[in-house]
Amino acid sequence: MSQRDKKKKPNASSGAGGKQSSAGSAPPKQTPRRSREPRMVDQQRIAAHRSTQRRRSMTYRSLRGAGILLIAAIVGWVVYRTLQPSDLPDRTAKPAAHYAVPHGATREGVTIGQDNAPAKVDLYVDFQCPFCRVFERATNDYFAKQVQSGSVKLTYHPISIHDGYSVWAAAAAGCASDKGALPRFTAEVFNQNGRLTRDDLVKVGKLAGVDSPEFATCVRNSTYKDWALGLTNASDKAGVTGTPTVVVNGKQLLPKPGSSMEDFIAQVKHAIADTAPSSGSSTTPNRDAAK
Amino acid sequence: MRTALAARSHSNRLPSKRGRYQPWLFLIARLVLAGFWIWAGASKVSDLEGSVSAVRAFRLLPNAVEPVVGAALPMVEIALGVTLLIGFAVRFGAAVSVVLQVAFLIGIISAAARGLRIDCGCFGGGGDLTAEQSTQYLLEIVRDSTLLLIAALLAIWPVSRFSLDNRAASESNAASNGSAASNDNAAATTHVVAANTSTHRMSE
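Everything numeric in this text was worked out from a predicted model, so none of it was measured.

A. Fine view of the overall build of chain A. What chain A contains, in helices and strands, is 12 helices and five strands. The burial tally for chain A puts 37% of its 291 residues in the buried class. A fraction of 74% describes how many contacts in chain A between residues 6 or more apart in sequence connect residues 24 or more apart.

Structural data, given as structure tokens:
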């Protein structure tokens, strides 16, 4: 350092007072090189050596920088995994051969509405799926009206394609079905943000008007966990590849990647309206009203 | 009578005025970028669960990848911010910043184009918006584009004041006793030397 300073000072004083001084501090290093021809080759070799050295040192620094970022990423992932509840259910587990099925439900799902409704609609949703949330919020009232007017027979399939809380939430949906409150419970689950532990799901039940000790016990024990796992298995067999999947009289609809939610909902409503026997004078106003 | 090499090295060198101010300007750029990264990471790191659901809200990545990105991103952002703050491997850090900002922009623009109503969760929070909340896509895009520009400039000229990289560069300079600036990196180093001498002179 001091050596370099000694070399610099004469330069700085010789070029003092001019704008060129700072630019001129580098060229003096080059002057001997240009003036002394015989040494030029040496100098060039040194320069080449230095530039490779510098490039190499920059590569090392970049590698170390990448290492730091990689370590940070691993730390983040490990912390995340450690913070996850250890008893989180495995959504890919196989259900037991015999398991309890909620009241009003089958091994396929929970069906509401009249048997003679012209449109048989299957709704495959994952409680952790954000797209399902948007879909549910936008169509909750619509489906309630359709079921009430007898034009839709609706089957909920609360499946678990996300890791984490989906199995608990789906099992809790079975508990809500016991109390005949699945549609409201579904709506309330989708009103929540972020994680849903089983205690949270008991609170969500209260919001949905289910406030009984049996419900709380059912949710906390995940009584219908195997039923929930079975639903996911059944949906795999039915060819459901993502959520939300809506099946209208056997025709499977799934939001296309890149298409908007409005388009998808319009598509679903259109498919349901098409099933109405008398060209759907009762469904069309609903469709317009929803828009 | 200039040799081609000398001409090239001269054209690489910036005019003295710019040479004097540039390290300071890029110090500001570096600190702004570092500050945004640390802010973004720190506001998410205490809620990794929320960070994962913010990533999920974009509906762009496979389900299995979303938790990895969501959990790793806050720590990576903090680490990136700190390395930029102390000036370690600035060019690398700036290049990674460019890549990340481009990825964020793709996410936000595609979310807007698909009609999703989400918060980007860039500084905590995130996820779907309720009916009453409105999207902030334009603000998010402008902010990320600005950061992208800053990161790109830093990746091209990674030299600024008070950077650990400078110390390493000047050490290697002193060690091999100086010679011609033969690549852009070396040219950039001379700016620092120039800036150093000018401050030396000011203090004398």
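B. Quick look at the overall build of chain B. For chain B, the count of helices and strands is eight helices and two strands. Secondary structure of chain B in N-to-C order comes out as α-α-α-α-α-β-β-α-α-α. Nonlocal contacts in chain B, meaning residues at least 24 apart in sequence, comprise 73% of its contacts between residues at least 6 apart.

C. Inspection of helix α8 (residues 198–207) of chain A at higher detail. Residue and element names in this part refer to chain A. L201, V204 and G205 are the residues of α8 that are buried. Take α8 and look down its axis: the buried residues cluster within an arc of 105 degrees, on one side only. Buried positions along α8 lie against α6 (166–178), α7 (182–191) and α9 (213–220). Residue G209 follows α8 closely and has a positive phi angle near 85 degrees.

D. Structural detail: the confidence of the model for chain B. Residues and elements named next belong to chain B. Mean pLDDT over chain B: 75, with 69% of residues reaching 70 or higher. Low pLDDT (under 50) marks residues 1–14, which in the prediction has 15 contacts with non-local residues, meaning those over four places away or in another chain. Segment residues 177–204: pLDDT under 50, and 64 contacts once partners within four positions in sequence are set aside and those in other chains are kept. Across the predicted assembly, pTM comes out at 0.57 and ipTM at 0.71.

E. Fine view of the packing of α7(A) against α8(A). All names here are of chain A. The contact between α7 and α8 brings their axes to 9 Å, and the two run at 125 degrees. By the criterion of interaxial angle, the relationship of α7 to α8 is oblique. Where α7 crosses over α8, the handedness of that crossing is right-handed. Contacts between α7 and α8 involve F185, E188 and V189 from the former and V204, G205 and L207 from the latter. Of the residues assigned to the contact of α7 with α8, the class counts are four nonpolar, one polar and one charged.

F. A look at the environment of B:S46. Along the chain, B:S46 falls in the loop between α2 (16–45) and α3 (48–57). Residues B:S46 and B:P74, spaced 28 residues apart in sequence, show a C-alpha to C-alpha distance of 9.0 Å.

G. Molecular detail of the sheet that holds strand β4 (residues 245–248) of chain A. Residue and element names in this part refer to chain A. The sheet built from five strands is open, its strands ordered β1-β3-β2-β4-β5 with mixed pairing. Every other strand in the sheet has two partners, leaving β1 (110–112) and β5 (251–253) as the edge strands with one partner each. Each strand of the sheet is rotated relative to its neighbour by a mean of 20 degrees, with strand direction disregarded. Relative to β4, strand β2 (residues 119–125) is paired through four bridges, and the arrangement is antiparallel. Within β4, the position partnered with L123 by the bridge is V246.

H. Molecular detail of the pairing of β4(A). Residues and elements named next belong to chain A. Burial along β4 is two-sided: the residues T245 and V247 and V246 and V248 are all buried. The pairing of β4 with β5 spans three bridges and is classified as antiparallel. Considered in β5, the bridge of V246 is made with L253. What sits between β4 and β5 in their antiparallel hairpin is a turn of two residues, with N249 showing a positive phi close to 45 degrees.

I. Molecular detail of the nonpolar core. Residue and element names in this part refer to chain A. Grouped together as the largest cluster of nonpolar side chains are 55 residues, with contacts concentrated most on V121, A169, A170 and A172. In terms of residues, this core owes the most to one element, α6, which gives nine residues. Not counting residues within four places of it along the chain, the set of residues in contact with A169 comprises F127, V189, L196 and L201.

J. Quick look at unusual backbone geometry. One non-glycine residue, A:N249, adopts positive backbone phi at about 45 degrees. Here A:N249 shows up in the loop between β4 and β5. Exposure remark for A:N249: the 13 C-beta atoms within 10 Å place this residue in the partly exposed category. A positive phi angle, near 50 degrees, is found at B:R59, a position not held by glycine. With respect to the helices and strands, B:R59 occurs in the loop between α3 and α4 (66–86). B:R59 gets classed as buried once you count the C-beta atoms within 10 Å, which come to 23.

K. Molecular detail of the environment of A:R195. Secondary-structure assignment places A:R195 in the loop between α7 and α8. With 16 C-beta atoms packed within 10 Å, A:R195 lands in the partly exposed category. In the structure, A:R195 is positioned 67 residues away from A:Q128 in sequence and 8.5 Å away in space, judged by C-alpha atoms. Contact partners of A:R195, with chain neighbours within four places excluded, come to A:Y165 and B:E49.

L. Layout of the packing of helix α5 (residues 130–148) of chain A against α7(A). Residues and elements named next belong to chain A. For the pair α5 and α7, the least separation of the axes is 9 Å and the interaxial angle reads 150 degrees. The angle between α5 and α7 places the two elements in the roughly antiparallel class. Seen along the crossing, α5 lies across α7 with a hand that is left-handed. On α7, the residues touching C132, R133, E136, R137, N140 and A144 of α5 are P183, T186, A187 and F190. Here the residues of the contact of α5 with α7 sort into five nonpolar, two polar and three charged.

M. Quick look at α7(A). Within α7(A), seven of the 10 residues are buried, which leaves the element mostly enclosed by the surrounding structure. A:L182, A:P183, A:F185, A:T186, A:E188, A:V189 and A:F190 are the residues of α7(A) that are buried.

Each value, and the rule that gives it
- Residues numbered from 1 in each chain as written.
- Chains lettered and ligands numbered in written order.
- Predicted model: local features only at pLDDT ≥ 70, side-chain atom pairs only at ≥ 80, totals over all residues.
- Helix = DSSP H or I, 4+ residues; strand = E, 2+ residues; numbered from the N terminus.
- Buried ≥ 20, exposed ≤ 12 C-beta atoms within 10 Å, placed from the backbone.
- Contact = placed C-beta atoms within 7 Å.
- Arc of directions from axis to C-beta.
- pLDDT = per-residue confidence, 0-100.
- Axes fitted to C-alpha atoms, helices over the stretch in contact; angles between N-to-C directions.
- Parallel < 35°, antiparallel > 145°, perpendicular 65-115°, else oblique.
- Left-handed = near helix turned anticlockwise from the far one by under 90°.
- Nonpolar A, V, L, I, M, F, W, Y, C, P; charged D, E, K, R; others polar.
- Pairing = 2+ DSSP bridges.
- Core = buried A, V, L, I, M, F, W, Y, C linked by C-beta atoms within 7 Å.

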